Amino acid sequence: MRFSLLAARALIGRVKTAGGGDMRALIIGGGIGGLTLALALHRKGIETTVFEQSAQIRELGVGVNTLPHAIKELAELGLLEALDAVGIRTEELIYKTASGQEILRQPRGIAAGLDYPQFSIHRGKLQSLLHNATVQRLGAEKVKTGAKLVRFRQNQTGVAAAFEDRKGRRWVEHGDVLIGADGIHSTVRRAYRRSPGQPSWNGILMWRGATWTDPFLTGRSMIIAGGMKAKLVLYPIFNDPEGRPGKTLMNWVVCAKLGDGSTPMPSRDDWSKKGELADVMPHVEGVLHLDEVDIPAMIRATPEFYVYPMCDREPLKRWSHGRVTLLGDAAHPMYPVGSNGASQAILDAVCLSDLLAEASDPADALAAYDAARRPATSAIVRANRKGGPERVIDLVEERAPDGFASLDDVATPDELTAIVGAYQRMAGFSAKQVNRKAG
Ligand SMILES: Cc1cc2nc3c(=O)[nH]c(=O)nc-3n(C[C@H](O)[C@H](O)[C@H](O)COP(=O)(O)OP(=O)(O)OC[C@H]3O[C@@H](n4cnc5c(N)ncnc54)[C@H](O)[C@@H]3O)c2cc1C
């Protein structure tokens, strides 16, 4: 039977308010944000189902960094040991120019005196870890794959959402709240925007891959070399001492500014477009150099890698509409500088679950969540447009385009640490903020 708007209207009329503590949340999207929300709501005793459009949760993507404030939340969900099994605790971050001159070196996570580590991890492994925990704690039937949200409606008492499976069959689910954790092309976000259009592109293309190679420096170090025009990001994401002794799975990202973003995007900003060596190498050879790693050789040794434009969206004036709200990339897609994409989705999830557990009216909880999280994440979207903490590199490269004999002639350590420190405080992961005890 085909689902129609009329049928949805009729159905919403019959939605019952769960009320009295047996609220049901419909989460759209089984990414890092959606799955963390499922775990956080379950901890609060709220009934939850995740609907994911993909036929199965597969380990897609390459590396992500997850910052100590988000790791604190995952640790409180009992996931620290599982994280250690599949990721690497990042110990230091070194900012360099594109030609490899060191600008700033900072300890990270535990090494920086925080109570929680920062993790470099394969995105797919993090998603799998969350998925496994969700299935274990909530039951396999609470993560419905092959379930694509096509439309939804709400009234005073609940929401009704229509889904479509891979064969085009449609059905309707009812709940008290609906949360769009459905990524940068969010269907839920689109429902509230007359002309959502494409995400905005800043003219930077990113090639992204991971390959087994020798470790560098501490084996837990991360390097960011180059500002917004030409950049390399490098960090190890996994060790396998038995299968690959002495080697590490190295995540790399090469960014190149090809225009000012006024030209049309070269391809849709999905996550699975394969990159070509011939396209990336002109932005590497003679452009990016590190003493620690042979970058061209590492890229050539990468079996396959991906390419996509660096995109975000203009911050919204509103996320929550009655019983419906947004979370993670659906709410605040941001440039991947400053390592905040996955981390902020995790923070959204915990904030929303806490508020839903406390509120007598779900719409009030969603409004409070909007007020708590939207301004904070909008500020990060805007800061990332200017390079985030990596602005220290742009600053030095602008002042000394041909390099420097002494960094002190270009910028003082105080000036550089102030930029990075201000970003950390704004995004909520300074030592003081992370180590603050609850209550
Ligand atoms: C395949 C993939 C690979 C990625 N790779 C990287 C990477 O290598 N490095 C990095 O830093 N970031 C990567 N990201 C982005 C990163 O995961 C996010 O920035 C961050 O983790 C926030 O996650 P999220 O849960 O909000 O959104 P996402 O991770 O984008 O998850 C959204 C989920 O919603 C599902 N969905 C979308 N529309 C619907 C619908 N209508 N109905 C049901 N489900 C729907 C999607 O299939 C997806 O699983 C990737 C995202 C994806 C989807």
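Our subject is the structure that appears above.
Residues numbered from 1 in each chain as written. Predicted model: local features only at pLDDT ≥ 70, side-chain atom pairs only at ≥ 80, totals over all residues.

### A closer look at the overall build of the protein chain
Then comes step 1: Helix and strand counts for the protein chain come out as 13 helices and 18 strands.
Then comes step 2: In terms of C-alpha radius of gyration, the protein chain reaches 22 Å, essentially the compact-globule figure of 22 Å for 439 residues.
Then comes step 3: When its C-alpha atoms are laid out on the principal axes, the protein chain stretches across 75 × 50 × 45 Å.
Then comes step 4: Of all 439 residues assigned to the protein chain, the portion counted as buried reaches 49%.
Then comes step 5: Contacts in the protein chain between residues at least 24 apart in sequence constitute 76% of all its contacts with a sequence separation of at least 6. (Helix = DSSP H or I, 4+ residues; strand = E, 2+ residues; numbered from the N terminus. Rg over C-alpha atoms; globule rule 2.2 N^0.38 Å. Buried ≥ 20, exposed ≤ 12 C-beta atoms within 10 Å, placed from the backbone. Contact = placed C-beta atoms within 7 Å.)

### What about the nonpolar core?
One broad trend across soluble globular proteins is that nonpolar side chains are buried collectively.
Then comes step 1: Of all hydrophobic cores here, the largest spans 119 residues; its most connected members are Ile27, Leu37, Ile179, Val254 and Leu327.
Then comes step 2: Of the residues forming this core, the biggest block, nine residues, is contributed by helix α9 (residues 341-358).
Then comes step 3: Not counting chain neighbours up to four residues away, the residues in contact with Leu37 comprise Ile27, Ile179, Ala181, Leu327, Ala349, Leu352 and Ser353. (Core = buried A, V, L, I, M, F, W, Y, C linked by C-beta atoms within 7 Å.)

### Focus on unusual backbone geometry
Then comes step 1: The phi dihedral of Leu217 is positive, around 45°, even though this residue is not glycine.
Then comes step 2: For Leu217, the position within the fold is in the loop between β13 (200-213) and β14 (221-225).
Then comes step 3: In this model, Ser339 sits at a positive phi of 60°, which is unusual for a non-glycine residue.
Then comes step 4: Among the secondary structure elements, Ser339 is positioned in the loop between β18 (324-326) and α9.
Then comes step 5: For Ser339, a count of 26 C-beta atoms within 10 Å translates into the label buried.

### So, the pairing of strand β17 (residues 305-312)
For a regular strand, the rule is simple: side chains alternate between the two faces of the sheet.
Then comes step 1: Within β17, six of the eight residues are buried, which leaves the element mostly enclosed by the surrounding structure.
Then comes step 2: Where β13 lies against β17, seven bridges are found, and the strand directions are antiparallel. By the bridge assignment, Leu205 is partnered in β17 with Pro309. (Pairing = 2+ DSSP bridges.)

### Quick notes on the site of the ligand
Then comes step 1: Near the ligand, the surroundings consist of 31 residues, among which Gly29, Gly31, Gly61, Gly183 and Gly328 are the closest.
Then comes step 2: The set of elements that each furnish at least two residues to the shell around the ligand consists of α2 (32-43), β2 (47-52), β9 (148-154) and α9.
Then comes step 3: A class-by-class count of the residues in the shell around the ligand yields 13 nonpolar, 12 polar and six charged. (Near = placed C-beta within 6 Å. Nonpolar A, V, L, I, M, F, W, Y, C, P; charged D, E, K, R; others polar.)

### Some words on helix α5 (residues 123-138)
Then comes step 1: Helix length check: α5 (16 residues) gives 22 Å between terminal C-alpha atoms against 22 Å at 1.5 Å per residue, within 8%.
Then comes step 2: Of the residues trailing α5, Gly139 is marked for its positive phi of about 105°. (Expected span 1.5 Å × (residues − 1).)

### Focus: the sheet that holds β14
Then comes step 1: The strand order across the open sheet formed by seven strands is β6-β5-β14-β15-β16-β13-β17, and the pairing between neighbours is mixed. The open sheet has two free edges, formed respectively by β6 (102-107) and β17, since each of these has just one partner strand. On average, each strand axis in the sheet is tilted by 20° relative to the strand beside it, whichever way the strands run.
Then comes step 2: Pairing analysis gives five bridges linking strand β5 (residues 92-96) to β14, with the strands arranged parallel. Paired with Tyr95 across the strands is Ile224, a residue of β14.
Then comes step 3: Relative to β6, helix α11 (residues 391-399) is tilted by about 160°, and along the sheet it contacts β5, β6 and β14. (Axes fitted to C-alpha atoms, helices over the stretch in contact; angles between N-to-C directions.)

### A closer look at helix α3 (residues 68-76)
Then comes step 1: Across the nine residues of α3, seven count as buried, placing the element largely inside the fold.
Then comes step 2: Here α3 has its buried residues at Pro68, His69, Ala70, Ile71, Lys72, Glu73 and Leu74.
Then comes step 3: For α3, the elements touching its buried residues are β3 (63-66), α4 (80-86), β7 (118-122), α9 and α13 (431-435).
Then comes step 4: Taken from the residues just after α3, Gly78 is the one with a positive phi, measuring 80°.

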